[in-house]
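Structural description and commentary
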Amino acid sequence: MVNQLRENNNDLPTVDYKDLLTQIIDTLQTSSGPYFSIIEKTVENKSNKTGTSDQSEKKSYQRFILDIDQIATTVSQKPIPNPLSRIGYHKITTLNLVAECQEQFPSQIRQIQQLLQNLLQNAVKQYLQKQRKSPLPLPEFIKQLIVNLSSFDQSKATANFNYPFSTPNQLYKQRLTLDNQSTREKCLRFHKLTIRVNHGTNFDEQVKEGIFNYLDQNFNNYSAQEQEELEEIVDDLYNKRQEPNNDFSKLKKIINQETLGKLKRKTQIFYLQFLLDQYYQNRKEETEEEGAIYLQTLIRRLQYIDEFINLEHYADGDYEITHSKGSINYRDIFAREDAFKELPVIPLIVGNLGESRLDGAIEFTLGLKLKLNGDVNTSEGESSFQYYLDLFNPDSSLHQETLKKRFGLQRILKVALLYFFVFACDNPNEPDYHPIKDLNYNPIEKFESNILPAFRISETDMFAMLVKIRKGLIGYKVEEKINKLVGFLKKVIDYKTLAKPQEKPAYLTLKNRLLKDNLREIIDEQTVFDKSVTGNPKLALKYIDVTEARSQENTFLSIPVTLIIGDLHYFLTQDKQSFKMQYDIEPVKALPIIFYVKNHPASAQYYENQFNKRNCLVFPHQQAKPSETENFFYNFTFSLLTFTTLSILLKKERLFLPLLRLDIEKGDSAGLREKFMYNFSKVLAHLLNEQHRSNAQGIDVRSPNSYKVLNAMSSLYSVLPKTFTLPQLTQLDKLAIIIVSSREHDRSWKPEIKQKYSTLMGEVVGILREPNNTIKYRLIQTFSANYDRETLFTQPIVMADVIQKLYRQGYRHIIYIAKAPYTSTLHLTQNQDDEDLFFMSKDIMRLLKGQYQDLNIYPMFFDKYYVVPLEKLAQSLYIEDTAELTRLAEDDNKMFAVFFNLFNGQAVREVNRTYRGVISYSTLLNFYEGILGDQKIRQGLIDAGQLKQDILQYLTLFHFAKYEKGGKKLQLKLDPYENLIGDKSVSKLALIPHANEKVEFNVLAFLTRVQEILHTKQ
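Below or above, wherever it landed, is the structure these notes cover.

Parameters at a glance
Residues numbered from 1 in each chain as written. Predicted model: local features only at pLDDT ≥ 70, side-chain atom pairs only at ≥ 80, totals over all residues. Heavy atoms only, no water. Axes fitted to C-alpha atoms, helices over the stretch in contact; angles between N-to-C directions. Helix = DSSP H or I, 4+ residues; strand = E, 2+ residues; numbered from the N terminus. Parallel < 35°, antiparallel > 145°, perpendicular 65-115°, else oblique. Left-handed = near helix turned anticlockwise from the far one by under 90°. Contact = heavy atoms within 4.5 Å. Expected span 1.5 Å × (residues − 1). Buried < 20%, exposed > 50% of the residue type's maximum accessible area, 1.4 Å probe, protein only. Arc of directions from axis to C-beta. Salt bridge = Lys/Arg side-chain N within 4 Å of Asp/Glu carboxyl O. Patch = residues over 30% accessible without salt bridge, like charges linked within 9 Å, V, L, I, M, F, W, Y side chains within 5 Å. Areas by Shrake-Rupley, 256 points an atom, 1.4 Å probe, with all protein chains shown as cover. Phe/Tyr/Trp six-rings, centres within 6.5 Å; stacked < 30°, edge-to-face > 60°. Lys NZ or Arg CZ within 6 Å of the ring centre and 35° of its normal.

Our next topic: the packing of helix α5 (residues 203–218) against helix α7 (residues 247–282). Closest axis-to-axis distance for the α5/α7 pair is 12 Å, and the angle between their directions is 115°. By the angle between their directions, the pair α5 and α7 is classed as roughly perpendicular. The two elements α5 and α7 cross, and the hand of that crossing is right-handed. On α7, the residues that touch F203, D204, V207, K208 and I211 of α5 are F248, L251, K252 and I255.

Structural remark: α-helix, 3.6 residues per turn; residues separated by three or four positions point the same way. When the terminal C-alpha atoms of helix α24 (residues 797–808) are compared, their 17 Å separation across twelve residues agrees well with the 16 Å that a helix rising 1.5 Å per residue should span. Along α24, the positions that sit buried rather than exposed are V798, M799, V802, I803 and L806. One side of α24 carries all its buried residues, which in axial view fall inside an arc of 145°. Buried positions along α24 lie against β20 (734–748), β21 (757–770), β22 (774–788), β23 (813–819) and α25 (842–849).

With the rule as written, the count across this model stands at 48 salt bridges. Salt-bridge contacts for D575 lead to R175; the nearest nitrogen and oxygen are separated by 3.3 Å. Within this pair, whereas D575 is found in strand β13 (residues 555–583), its partner R175 is found in strand β5 (residues 169–177), the two being separated by 400 residues in sequence. Here R175 falls in the partly exposed class, since its relative accessible area comes to 22%. When the shortest N-O distance is used, the salt bridge between E290 and K484 registers 3.3 Å. Here the residue E290 occupies a position in helix α8 (residues 290–309), and K484 occupies one in helix α16 (residues 478–493), the gap between them amounting to 194 residues. The exposure class of K484 is partly exposed, given its relative accessible area of 41%.

This next bit is on a nonpolar patch on the surface. A surface patch of nonpolar side chains, amounting to about 340 Å² of accessible area, comprises Y89, F407 and W749. Assignment of secondary structure puts Y89 in the loop between α2 (68–76) and β3 (90–92).

Bringing the packing of aromatic side chains into the picture now. The full count for this structure, using the stated rule, is 63 aromatic pairs. On the numbers, 5.5 Å between centres and 80° between planes, the contact of F308 with F447 is edge-to-face. Of this pair, F308 sits in helix α8 while F447 is found in helix α14 (residues 443–457), placing the two residues 139 residues apart along the sequence. Across the pair, F447 and F308 agree in class, each one buried. When the ring centre of Y238 is taken as origin, the NZ or CZ atom of K208, which lies over that ring, is 4.4 Å away.

Below, the structure written as structure tokens:
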């Protein structure tokens, strides 16, 4: 397989690594420092029989020290030109090389490979000479370091890689149902959101008619000739609407891609009102709870924000604040879907369960949950309110680091408005204060008269006002109110009575400001659309609104919408199953790899104490506070040389390579070096898994304990082969699972530059039936390749190669998984066949299916939603009845179906353990006919039968096999795809700061290209 690397014939910003690579080569050639060395440690192993020293056996262990850190540090401090082109709107720039660098890049990489090869061989030679041992080639020496993983099998987990592999784990699962019977135990609640958009049968015609109505109302005083010319311009735009650069097409794109977020934002307030109504319907006490007043206040304050950003007497520019450190336009920012994101208490719309289409309407099904002031993912563990309040503290590291970012000041000022509007109040320490006063407090007046002027005058006044806001929110004990609100909301969502569904009619309205109001401009530019349509689509959002009344002034189109919130309850059945899981490590050979901080006492001491009885490869590094350019040069050099070194040392034999980091910092408090090592170790493990088995995990050496060590080792070993012993026979011999995702590696901020290049990545798992009711699970491989956008979603050859390999190994049934692509756009003007399904497109399916007539591919989407436990749950749960699951999301058009839901008993950390996660699987129907065969998809995923039963059983085992925590009560892993898809994914972690901190560099894409060069024979 060959990665696609184009010649530099596009408009994207470029990069030139030629000088940087030259300095790396020069450092490897000229320095006399011993970058690589081998340390031998001889220890006495007491005899198991006597335990006396005279019976002890001496054994030697070798640690191969690979001090790439020293090389990278030397390179980073050299005077190297910034590799990024000066002209260009860089967003992510990785492999769009200038012509000269493109030409020299492969030879420079091979030269570095050869220099490393020489240095490594020389280190082995010097070690053997010192030990007076016979010379050995490098591969033979490395072979001596490799051990059987079974030698790590001990009664308990320790940091030096010991683990109780031979101890079996008993697993359980229990079936849930949505059918209520008096004997069944109610255990879970789900609040479901349905958004129905009634856009009519010909949406394009509606838009055109709305534009003509606007012209009739605003240009009726002009001559007949001028009005005729206006009509011709609109007709011409309409007739050419299929062209991508057409302005009519741009408006449709904005409506399709941006406005569903507006509807979700409206739903946040609707859901809070829904919960308030539940309280009043279930209320027993006469006195209104204080929490109910705070909930009413929150609803009212969010409405005040909408009122403020839509003030008629404010022009767009009146919402603008500009300083040297950045700018913000409040009307633009608060028109977006994530306007309320930073609030400590706010509904979240998570979980895309499906979409349904009928003539003239489209319906989305989503999940709802609450953000309840949980702790933010930092080492300090502050609540959400405390964390964001720190943005206003000029002395805090969060404030200072945020200001350095591209939109840092914008974020600070956004949160300032948000927190003032929602939490500002009269002094609660006054004797006549009552919470009802919060409900009557109008923040608009104070913000206009006090806050906004201070933000505008100067940066000094702005920062002083931020400090004042922070002081006020602390002094007025706002978090006490938040905690009371959180307690109240938890009580409401725990009600056991089933809530009645609520519907809210609304209208998605397009304001006249999307259209020009100057006849001369329309005629000169031959377009009726304002620059907000023709430029950045985010800037058009402020002219699109969701209103409760259809007849709105200054609008040219209203689309009817219905928001529906429903309440579903889940019940336990008596259908239970238990089975056994055990590691299958007998044939596995291992070579541990350690990353530690050599200039940190805790890390260095832990390293010396724990690993003196292990053969291992060691990558030491130091803490540092480099400049942004030095940081990039270091990261670039370290990743390139570490990966190349391992590609030299690790040849064809498949090994298990556990990557263990000895962490000294975590989360937001981690320094630049530690953050990079965390990210890079995950990327490295993914790349190593293409040929070996590998995983990366850290132990916080500042406060290690047996529980943390057990979990770290369990996570580290989660990629190993496992066997399951089932209570009943299955019939499916082999099932493969392919998971795919992608991440951009070259892209511009500039909207006119359409080219994008991405890295495709994936993972392949095999599940095999063996004798005695035994099922074997194993990771077959990972893969990565770089493509342009068009090829990525039509002809990614690497995936065809994977299918061919699986077919040769005897796999005839393949689950193919990608994250659900729907519910991010309205698709008001598209047909299903035209829809961009990304990795689920028909082109991709044709590529995978190829000429293999007996190959069965089952395309699956997945997403997560969240439920509230009404009883204490510990076991893993599931629903597989397709008819029942239509209550979650039903498609009257029969184009998709939800067919499987999996639950685990673990609490979701970020919401104070109030919610439990559910993963929902769905598939497309009547879509791949002539390619995959609709009937075969139905047999495998929809229709009850042995095939569906086996496939879903194997899929459940896959979830159990991916579980990463230790202990006796193992659960299924709710999201076994997080290493490939989402915020914790390898592809997300692969994005690191470039030489300019505001530009990103995709280290996975870069090393994928390097790997191609290293594996290509000259």
